[in-house]
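Chain residues, written in single-letter form:
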Amino acid sequence: MQDFDKKTVLAAIAKTVEMGQRQFQHKFPGQSFESMRWDINGLEYRNTGRRFFLNFNCHANPKQVIPNQHYVNLAKTWLLFHATSTGRMTHRLTALQVLWQVLSSNQNDYQDEQLQSFPWWEYLCKPLMTQVEDRMRGLWTTGATICEHTKYALAFIHFLETQQICFTRIEYDLITPYGWRKENNFAAREDKNGAEATKKLLSEQAIKGLGQVYRLTTDPAEHLLLAIVIIVLLTGLRIGEALTLPEHCIIRKRNQQGNWEYGLRFYEEKKHPGQTLAVKPLLPNTVELILQIVGNIQKMTAPWRQQAVVLENNSGRVPLPGFENQQLIESRELAALLGFKQRAEKRHYHLFQWVEKGKLPEPKQSDDRFYFSVLEVEQSLAEHLLDQLWTVNLRTGKYQLLSETLFIVPANFLHKRWNSHPLIIRPVQYDQVYFFLSGSKSSRSVFERYNICEADGTLCQLHTRQARTTMVTIAHEGGASLDDIARWIGHRNSQTTEVSYLVKSPHKSLSMRDRVQQMHEAIRQGRVNHTITRIYESLSMDEREVFLQAELLVLHVTQWNYCKRNFVIGCDRHLFCPGCPDQIEVGEKPDTESLEQIRDGLQLTLQEAQNQAIALGGQIAGPQLRLWQQMSNYVEASLSSKQGSSA
């Protein structure tokens, strides 16, 4: 173990923590850096109705704070330099809590009070990271979660190295390989038969069942929740995007032919806050239903919207309509304002339950009647309000307020067993939609209540993510390009769309045998523009199948299409497929724009390769250069052919 100069380390810690304190005042003004509980709701982009805190306690014992102040202060500083979102900060803190758990558990000779001065930085080494990853594997079963948290712990150690707090560079490779994570997280997508993959898609029975319930239900709470689910199904929005739709979310304009085109305004989750509203074009066959749903919700929420405006204009107060602060209000009148059902008895039962629980002040009795102070009631009700009366923080000093949001409800409106309180308005939250679809310990799902079953008799199931998966799969099978689908659902990269949503992608779901069989069928149908098709068609019917089985043994997928070579049977081009005679094209070739992007990228790569060849004397990079040059020539020829045909 290296001999550390403790004074030097403590000086580096003090300097680093000072930077963290300055960053803290910028990120969370009004709070104390030394506090062991941080309120990080200022980072939240959307108001979910929940409060987010960072508690700097031990992972093994949540009631005990981490005893070493140096470790806590450095952890706080590192978190502040990565304060992008509440979710990421909580995950990073969990990784640091596990790291401290491993550090402290190795020091059996130290008592709890001695851990306050424990020189933990001396024990940061590669074997320790192995223990940390083992501990992570004991806490979680998902490979991606294990790797993510282990990388956070390693990133914290590297941060300490850059600040000269520890001096041993840790080069650590995760024991959990990418292939193991992929096998665990995407097992359904990799299933050869596709049986598990289809579970990611919504069944026809589930969709029809929800549509029937929407038409027949008389419960306004169910009607509202079903409206959210149907909008997600028809538009491919993320559930957070649907819940924060503005009241006037429908826009329309005339196209060049003079027909109306409709779009849906929404705030994208995955883009940087502060942007203007995005617009998603509505599919023609869904416009009528979406317009009807949005119109119904606007009418339903109109009185609640008026109350939201009252709350926004009276910060920290819940005014009782028709009463002044100095007045008294009778218990019957107060019960009616709070949404309690009318009862015959003078002493209203539910109202006085609130009094017993401290939710309302003690009443005054006069002539066998009970009276409450309006001012005291308003102050008590204010404690039930959300801290923020907005649903989207634009990070520009502006917000989308409750009154400007489509899906808002009175408190407890979506809870069947409780009375709703029309004076307190809140946004619809994700948990309420989740329990409506999946049920909970105290309530049944909508599928169970209405007995909506699959063909085999089992109850239907639905998750909001399935809606996007189903929409993407239907669009892809209908012939839409991945780039168009990615733009429609808000992805910057079409590869993200393919990996995350296409459960039947030929790149991911089909085995080698299935892929070859698929190519055989394409050749039989004459959809393959290749020499192999012409040879196949020139043979007799008896010889054709023998030829296919002998000629086409393997396939690998390329950015151009397919190739009938791979490393198993050998490839002298090292799988550089453009221009290769064994490449098989199915369907359309890349468009001009794609070819231009490929050409520009190849030119940069070729220039870098030439510079490397000059630096290395041209001996090592020569074969590689020739392959890159062949690819570049092939792209140029394809582009010239495209441009010539268009002219």
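Anything mentioned here points back to the structure above.
Residues numbered from 1 in each chain as written. Predicted model: local features only at pLDDT ≥ 70, side-chain atom pairs only at ≥ 80, totals over all residues. Heavy atoms only, no water.

(A) Layout of the overall build of the protein chain. Per the secondary structure count, the protein chain includes 24 helices and 15 strands. Burial status across the protein chain gives 45% buried among its 647 residues. A sequence separation of at least 24 residues applies to 61% of the contacts in the protein chain between residues at least 6 apart. Surface accessibility of the protein chain: about 34700 Å² in total, with carbon and sulfur atoms responsible for 49%. (Helix = DSSP H or I, 4+ residues; strand = E, 2+ residues; numbered from the N terminus. Buried < 20%, exposed > 50% of the residue type's maximum accessible area, 1.4 Å probe, protein only. Contact = heavy atoms within 4.5 Å. Areas by Shrake-Rupley, 256 points an atom, 1.4 Å probe, with all protein chains shown as cover.)

(B) Structural view of the environment of Y536. Structurally, the position occupied by Y536 is in helix α21 (residues 531-538). Exposure remark for Y536: the relative accessible area of 6% places this residue in the buried category. Distance in space between the C-alpha atoms of Y536 and G526 is 9.6 Å, their sequence separation being 10 residues.

(C) Up close: the pattern of salt bridges. Inspection of every chain in the model, using the stated rule, returns 12 salt bridges. Its salt-bridge partner being R88, residue E148 comes within 2.4 Å of it at the nearest N-O pair. Highlighted residues: E148 in helix α5 (residues 143-162) and R88 in helix α3 (residues 86-105), separated in sequence by 60 residues. Between E247 and R305 there is a salt bridge whose closest N-O contact spans 3.4 Å. You can see E247 sitting in the loop between α10 (239-243) and β3 (250-254) and its partner R305 sitting in helix α11 (residues 287-313), a full 58 residues away along the chain. Linked through salt bridges whose partners overlap, the residues forming this network are E133, D134 and R137. (Salt bridge = Lys/Arg side-chain N within 4 Å of Asp/Glu carboxyl O.)

(D) Local environment of the side chain of N57. Relative to the helices and strands, N57 resides in the loop between β2 (53-55) and α2 (69-80). Taking relative accessible area as the criterion, N57 reaches 15% and is therefore assigned buried. Within the local environment of N57, its side chain forms a polar contact with the side chain of Q97, the two groups lying 2.9 Å apart. Apart from residues lying up to four places away in sequence, N57 is in contact with P62, Q64, V65, I66 and Q97. (Polar contact = N/O pair within 3.5 Å; in protein donor to acceptor, adjacent residues only side chain to side chain.)

(E) Here's a closer look at the sheet that holds strand β4 (residues 260-266). Taken in spatial order, the 3 strands of this open sheet run β3-β4-β5, and their pairing is antiparallel. This sheet does not close on itself; its edge strands, each paired only once, are β3 and β5 (278-281). The sheet shows a mean angle of 40° between the axes of neighbouring strands, direction not considered. Note: β4 against β5, 4 bridges, orientation antiparallel. What sits directly across from R265, in β5, is V279. (Pairing = 2+ DSSP bridges. Axes fitted to C-alpha atoms, helices over the stretch in contact; angles between N-to-C directions.)

(F) Spatial organisation of helix α8 (residues 204-216). When the terminal C-alpha atoms of α8 are compared, their 18 Å separation across 13 residues agrees well with the 18 Å that a helix rising 1.5 Å per residue should span. Within α8 the residues assigned to the buried category are A206, G209, L210, G211, V213 and Y214. (Expected span 1.5 Å × (residues − 1).)

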